[in-house]
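If you want the building blocks of each chain, they are given just below.
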Amino acid sequence: NGFLLALALRAPSSGWPMLMIAGFAGNLLAYPGFQDALDSAVHFAASDVVEVLIALLLIRTLIGAAPDFSSRRDLILFIVVCGLIAPGAGTLVASGHLTGEPFDRPAGQMIRWMVANAMGLLVATPLLLALADMREDLLERRPEPGALLCLGGLGVVLVVALSSSAVAALFLIAPALMWVVFRLERVGAALGGAMVGLSTIGATLWGRGPIAAQGAGADAMLLLHGFLASLMLTSLVVGAVLRERRV
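J.: I'm lost on the nonpolar core in this one. Help?
T.: Side chains of nonpolar character tend, in soluble globular proteins, to be buried together. Counting residues in hydrophobic clusters, the biggest one holds 59 residues, and the most contacted among them are L5, M20, I59, C82, I173, V196 and F227. Where this core is concerned, the elements lending two or more residues are α1 (2-10), α2 (16-30), α3 (38-62), α4 (72-98), α5 (106-132), α7 (149-162), α8 (173-205) and α10 (218-246). Of all the elements, α8 adds the most residues to this core, at eleven residues. Other than its neighbours up to four places away in sequence, F227 contacts L170, I173, V196, T200 and I211.

J.: It is not clear to me how the pattern of salt bridges should be interpreted in this structure. Could you clarify?
T.: Opposite charge on two side chains permits them to pair, given that their charged atoms come into close proximity. Counted by the stated rule, this structure contains one salt bridge. Taking the shortest distance from any N to any O, the salt bridge between D74 and R73 comes out at 3.6 Å. Judged by relative accessible area, which is 11%, D74 ranks as buried. The class of R73 is partly exposed, set by a relative accessible area of 49%.

J.: Mind showing me how you'd approach the environment of A174 here?
T.: Its location among the elements puts A174 in helix α8. By relative accessible area, A174 is classed as partly exposed at 28%. Sequence spacing of A174 and I54 is 120 residues, and the spatial spacing of their C-alpha atoms is 32 Å.

J.: Sorry, what's going on with the layout of surface pockets here?
T.: The rolling of a water-molecule-sized probe over the atoms marks out the regions of remaining empty space. Put simply, the second largest pocket is a space of about 180 Å³. For the second largest pocket, the lining is made up of 13 residues, of which P67, F69, A130, D133 and R186 are closest to its centre. Those elements that provide at least two residues to the lining of the second largest pocket are α5 and α10. Of the residues forming the lining of the second largest pocket, the biggest block, three residues, is contributed by α5.

J.: Please clarify how empty space enclosed by the protein should be interpreted in this entry.
T.: All told, the structure shown has one cavity of 30 Å³ or more when counted by the stated rule. Within this model, the largest cavity holds a volume of roughly 110 Å³. If you go around the largest cavity, the residues you meet are D137, E140, R141, R142, P143, R183, L184, E185, R186, V187, R243 and R246. Contributing elements (two or more residues each) for the lining of the largest cavity: α6 (134-140), α8 and α10. Counting residues per element, the lining of the largest cavity draws most heavily on α8, which supplies five residues. Its residues placed into classes, the lining of the largest cavity shows three nonpolar, no polar and nine charged.

J.: Would you mind going over the confidence of the model for the chain with me for this structure?
T.: Low-confidence regions, as indicated by low pLDDT, have predicted coordinates that should not be scrutinised in detail. For the chain, the average pLDDT comes to 83, and 90% of its residues sit at 70 or higher. Across the chain, element-level confidence peaks in α7 with a mean pLDDT of 92 and bottoms out in α6 with 75.

J.: Explanation requested: the environment of L151 in the structure shown.
T.: Secondary-structure assignment places L151 in helix α7. The spatial distance from the C-alpha of L151 to the C-alpha of A169 is 18 Å, given a sequence separation of 18 residues. Ignoring sequence-local partners within four residues, the contact set of L151 consists of V180, L184, L191, G192 and M195.

J.: Sorry, what's going on with the packing of α2 against α3 here?
T.: Packed helices, taken two at a time, are described by the angle their axes make and the gap between the axes. Interhelical geometry of α2 versus α3 gives an angle of 145° and a closest axis separation of 8 Å. Crossing geometry of α2 relative to α3 is assigned as right-handed. Facing α2, whose interface residues are W16, M20, G23, F24, N27 and L28, α3 presents L38, A41, V42, A45, A46, D48, V49, V52, L53, L56, L57 and R60. Taken together, the residues of the contact of α2 with α3 break down into 14 nonpolar, two polar and two charged.

J.: Any chance you could explain the packing of α1 against α2 here in plain terms?
T.: Where α1 contacts α2, the axes come no closer than 10 Å and their chain directions differ by 170°. When the interaxial angle is binned, α1 and α2 end up roughly antiparallel. Residue-level inspection shows L4, L7 and A8 of α1 in contact with α2, the latter providing W16, L19, M20 and G23. Taken together, the residues of the contact of α1 with α2 sort by class into six nonpolar, one polar and no charged.

So, how was this worked out
Residues numbered from 1 in each chain as written. Predicted model: local features only at pLDDT ≥ 70, side-chain atom pairs only at ≥ 80, totals over all residues. Heavy atoms only, no water. Core = buried A, V, L, I, M, F, W, Y, C linked by side-chain atoms within 4.5 Å. Buried < 20%, exposed > 50% of the residue type's maximum accessible area, 1.4 Å probe, protein only. Helix = DSSP H or I, 4+ residues; strand = E, 2+ residues; numbered from the N terminus. Contact = heavy atoms within 4.5 Å. Salt bridge = Lys/Arg side-chain N within 4 Å of Asp/Glu carboxyl O. 1 Å grid on protein atoms, 1.4 Å probe; cavity = no way out; pocket = protein on both sides within 12 Å on 5 of 7 lines; lining within 4 Å. Points joined across faces, edges and corners; volume = space filled by probe spheres on them. Nonpolar A, V, L, I, M, F, W, Y, C, P; charged D, E, K, R; others polar. pLDDT = per-residue confidence, 0-100. Axes fitted to C-alpha atoms, helices over the stretch in contact; angles between N-to-C directions. Left-handed = near helix turned anticlockwise from the far one by under 90°. Parallel < 35°, antiparallel > 145°, perpendicular 65-115°, else oblique.

Okay, structure coming up:
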């Protein structure tokens, strides 16, 4: 959903219908065993498209183009839309199936569904928008060779943190990522965020690292989403503010 929203924010409105169709098909095929539960798969895929459409329309209406994360207004509106309104609407659409089997506690499952979708939008969309702007930032200011060493430092920290099963090891990542952001501004936020996101998700899916050590249930996935969302938004805001002050 976050990937689809980022693409739609960069595309002209004439391209939205094809993007939504592609998003529906992707969500449908991603549903586990969709051939055996086609009704549920269609319902959930439709709820995801509704979520993205609502987020897209509200962002374009309230903010304009893609949000500027150095603007307090844009940041607050983005968090409210992508963290509350759009996931809430998508969850309501999906609730017809979330309240049936195999969900034994409907209210709790709806909250988890909404939080997971919100974290997806809050993590993926800002990161992808930052990566899309990276070429412009690099043309504006070439990074010094020494500044690139901080990316290597972040990589070392990620290896150390994700080799441990202690949750406290995750606290090593934030200072290393901020070091990258202070040296490379928005480019650092984009590249560093991508490194953190890909390595953390990969380690968790592989059954390694502090988050995987918490188990394979929904709570571990919510921890992963929350951890990444907090890091991504913080780094992107700091990177945008640093660039704004420089220019």
